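# Chain and residue survey
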Amino acid sequence: LEWCVSVPKVELHAHLNGSVRNSTLFELARVLGDKGVIVFSDVENVIMKDDRTLHEVFKLFDLIHILTTDHSTVTRITKEVIEDFAAENVVYLELRTTPKRNDSIGMSKRSYMDAVMEGLRAVSSVDVDYSPAGLKTNTFNGSTRKKMYVRFLLSIDRRESTEAAMETVKLALEMRDLGVVGIDLSGNPIVGNWYSYFPYLFMCFEGYNSIIILNFLGIRHRSTFLPALKFAKEKGLYITLHCGEVPNQEEIKAMIDFFPHRIGHACCFDEENWRKLKSAKIPVEICLTSNIRTETISSIDIHHFVDLYKAKHPLVLCTDDSGVFSTSLSREYNLASSSFGLGKTEMFQLAEIAINFIFADDGVKADLRATFKEAVKKLN
Ligand code: 5GP
């Protein structure tokens, strides 16, 4: 593990609220418990639980959001999460988060993101470059401290309306100069629709069954987030989609046809979609521990990492939710190495090749390649 920590790494799939330290969550829960807003022991039990189905994970996120969604806490967790990744020797981080609106505390999506930016500027353990133009840093030039690039992806939660999704895309465009480079589609995969539909039929069925039945009948839903994703792509934002966390083959096919710049997970593909993904060469963000913990993949030995790796398909190891799944990027590298028999040379190459898939310009890529070149000298 020590070696995996010392290798410079690129993290491309990390959700802010999934990466919060457990100690911070407990502290926040205690405060809200003392105020009588929540029952601390209930929260403690939920947070401490190790294995959760994907469905349970989304319930946990609702709880985490109760604890974290106010401006000062958002600032705090952003600072902590970035510093935790820096301590792991992450040299380039794309952090994603869902901008949240909460009228009762005067929070708009913009003010949520301003709180995130404040957290970034408060990072003190490393120098952070967060502007695509390389102009905005929290120190950098001439500094001898460790440096790290941070970029943001704004997540659209599949529960959101088309209008709310569009608001997120507009916000991303507004915040381009502040390091926002793209859009992520995430949230419960059985909620929200890629396509158009007949409403009365959709009302008859619930959840995933409705998708199967309506697909079987050839009936389509109303698309919720697609207009926003199309708009984002037209405007030149990078797009990454959570894809194939459930076996909805029609949606998976449509997502590949949309040609996102990357996808996350890619767990439940049928053979045809698997072939399609490989020929489209869309880079895949692989989250091993997350897939195992949520039982999306039944065992690490049959994880699709192996197939993609052997096929030299573009892929990158990521944490997903380092807090929720009690992992770190070094642990993910260690797990891949021990599970799939990869040596140090292969692991280093895997870390370095991730530079090709980042949502940043050639200057940043060149700088990162130089960092890896330096590191290889030290590690040998
Ligand atoms: P946030 O966007 O609030 O900073 O991070 C937590 C959110 O990220 C969750 O509410 C959920 O929408 C999304 N998320 C985190 N992990 C996963 C995952 O494994 N799958 C999907 N589909 N969404 C996730």
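Values in this document were obtained by computation on a predicted structure and should not be read as measured data.

### Details of the UniProt feature "domain: Adenosine deaminase" (unreviewed entry) in the protein
Per the UniProt annotation, the sites labelled "domain: Adenosine deaminase" (unreviewed entry) are residues 8–189 and 224–370. Secondary structure within residues 224–370 divides into 49% helix and 11% strand; the distance between the first and last C-alpha atoms comes to 42 Å.

### So, the packing of helix α2 (residues 22–34) against helix α3 (residues 40–48)
For the pair α2 and α3, interaxial distance at closest approach is 9 Å and the crossing angle is 160 degrees. What the angle tells us is that α2 and α3 run roughly antiparallel. As α2 runs across α3, the sense of the crossing is right-handed. On the side of α2, the interface is formed by Asn22, Leu25, Phe26, Ala29, Arg30 and Gly33, while α3 contributes Phe40, Val43, Glu44 and Ile47.

### Some points on the site of the ligand
Around the ligand sit 17 residues in total, of which Leu16, Asn17, Phe61, Thr97 and Thr98 are the nearest. Of the residues belonging to the shell around the ligand, the class tally is three nonpolar, ten polar and four charged.

### Considering the pairing of strand β2 (residues 90–97)
Taken residue by residue, a regular strand's side chains alternate between the two faces of the sheet. Within β2, eight of the eight residues are buried, leaving the element largely enclosed by the surrounding structure. Of the strand pairs in this sheet, strand β1 (residues 9–15) and β2 are connected by five bridges, and their pairing is parallel. In the strand pairing of β2, glutamate 11 is matched with leucine 93. In the sheet, β2 pairs with strand β4 (residues 147–157) via six bridges, with the strands oriented parallel. Note on β4: the bridge partner recorded for arginine 96 is leucine 153.

### Comments concerning the nonpolar core
Within the largest apolar cluster, 92 residues are counted, with the highest numbers of intra-cluster contacts made by Val10, Ile82, Leu93, Met148, Val150, Ile183 and Ile286. Sorting elements by how many residues they give to this core places β4 first, with seven residues. Among residues more than four places away in sequence, those in contact with isoleucine 183 are Leu153, Leu154, Ile156, Val169, Ala172, Leu229, Ala232, Leu237 and Ile239.

### As for the environment of leucine 16
By secondary structure assignment, the location of leucine 16 is in the loop between β1 and α2. The class of leucine 16 is buried, set by 22 C-beta atoms lying within 10 Å. As for leucine 16 and aspartate 270, which are separated by 254 residues in sequence, their C-alpha atoms are 31 Å apart.

### Here's the deal with the environment of lysine 59
Structurally, lysine 59 can be placed in helix α4 (residues 54–68). Note: C-alpha distance between lysine 59 and threonine 289 (230 residues apart in sequence) is 19 Å.

### Some thoughts on unusual backbone geometry
Phi is positive for alanine 266, which is not a glycine, with a value near 55 degrees. In this fold, alanine 266 is placed in the loop between β7 (262–265) and α12 (271–280). Phi is positive for aspartate 320, which is not a glycine, with a value near 75 degrees. Within the fold, aspartate 320 resides in the loop between β9 (315–317) and α15 (329–340).

Conventions we followed
Residues numbered from 1 in each chain as written. Predicted model: local features only at pLDDT ≥ 70, side-chain atom pairs only at ≥ 80, totals over all residues. UniProt positions renumbered as here; feature names shortened; annotations may be inferred. Helix = DSSP H or I, 4+ residues; strand = E, 2+ residues; numbered from the N terminus. Axes fitted to C-alpha atoms, helices over the stretch in contact; angles between N-to-C directions. Parallel < 35°, antiparallel > 145°, perpendicular 65-115°, else oblique. Left-handed = near helix turned anticlockwise from the far one by under 90°. Contact = placed C-beta atoms within 7 Å. Near = placed C-beta within 6 Å. Nonpolar A, V, L, I, M, F, W, Y, C, P; charged D, E, K, R; others polar. Buried ≥ 20, exposed ≤ 12 C-beta atoms within 10 Å, placed from the backbone. Pairing = 2+ DSSP bridges. Core = buried A, V, L, I, M, F, W, Y, C linked by C-beta atoms within 7 Å.

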